[in-house]
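# Chains, contacts and geometry: an overview
Residue strings, one per chain:
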Amino acid sequence: MKNLRRFFEYGYLVIGIILFVDGIYRFNKPGERSNSYFLLIFAVLAIFMYFFKKHFRKKIEAGQYQKGNDQTK
């Protein structure tokens, strides 16, 4: 399960980078500037989700580790 969570974390990061690069590319093309704003917003959202998921995964792992130590006493 832990590997699956990390896989989805990095998936958000990869998607964010791809959307960011595509947004910058379309921003510089004439006539597609309005489409680029949506791509850039979704890129920022995907990168935010990467950090959000990473933060909560670490919290869950720390909680399980602490819970495991409490049971051994």
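The structure this text deals with has already been given above.
Residues numbered from 1 in each chain as written. Predicted model: local features only at pLDDT ≥ 70, side-chain atom pairs only at ≥ 80, totals over all residues. Heavy atoms only, no water.

## As for the overall build of the chain
Selection rule: Numbering of helices and strands starts at the N terminus; helices are DSSP runs of H or I of at least 4 residues and strands are runs of E of at least 2. Buried, partly exposed and exposed residues are distinguished by accessible area as a fraction of the type maximum, computed with a 1.4 Å probe on protein chains only: under 20%, between the cut-offs, and over 50%, respectively. To be clear on the numbers: accessible area is Shrake-Rupley with a 1.4 Å probe, and residue cover counts the displayed protein chains and nothing else.
Regarding its fold elements, the chain presents two helices and zero strands. A buried classification covers 14% of the 73 residues belonging to the chain. Accessible area for the chain stands at about 6000 Å²; split by element, carbon and sulfur atoms hold 67% of it.

## Comments concerning helix H1 (residues 2-28)
Condition: To estimate the expected span of a helix, count its residues, drop one, and scale the result by 1.5 Å.
Taking 1.5 Å per residue as the helical rise, H1 with its 27 residues ought to reach 39 Å, and the 40 Å between its terminal C-alpha atoms agrees with that figure. Every buried residue of H1 is accounted for by Glu9, Gly16 and Gly23.

## Quick word on the side chain of serine 36
Basically, it comes down to this: Residues are treated as being in contact if the distance between any of their heavy atoms lies within 4.5 Å.
Assignment of secondary structure puts serine 36 in helix H2 (residues 33-72). Judged by relative accessible area, which is 0%, serine 36 ranks as buried. Once you skip the residues sitting within four places of it in the chain, serine 36 turns out to touch Gly23, Arg26 and Phe27.

Purely spatial values, then, with no claim about function.
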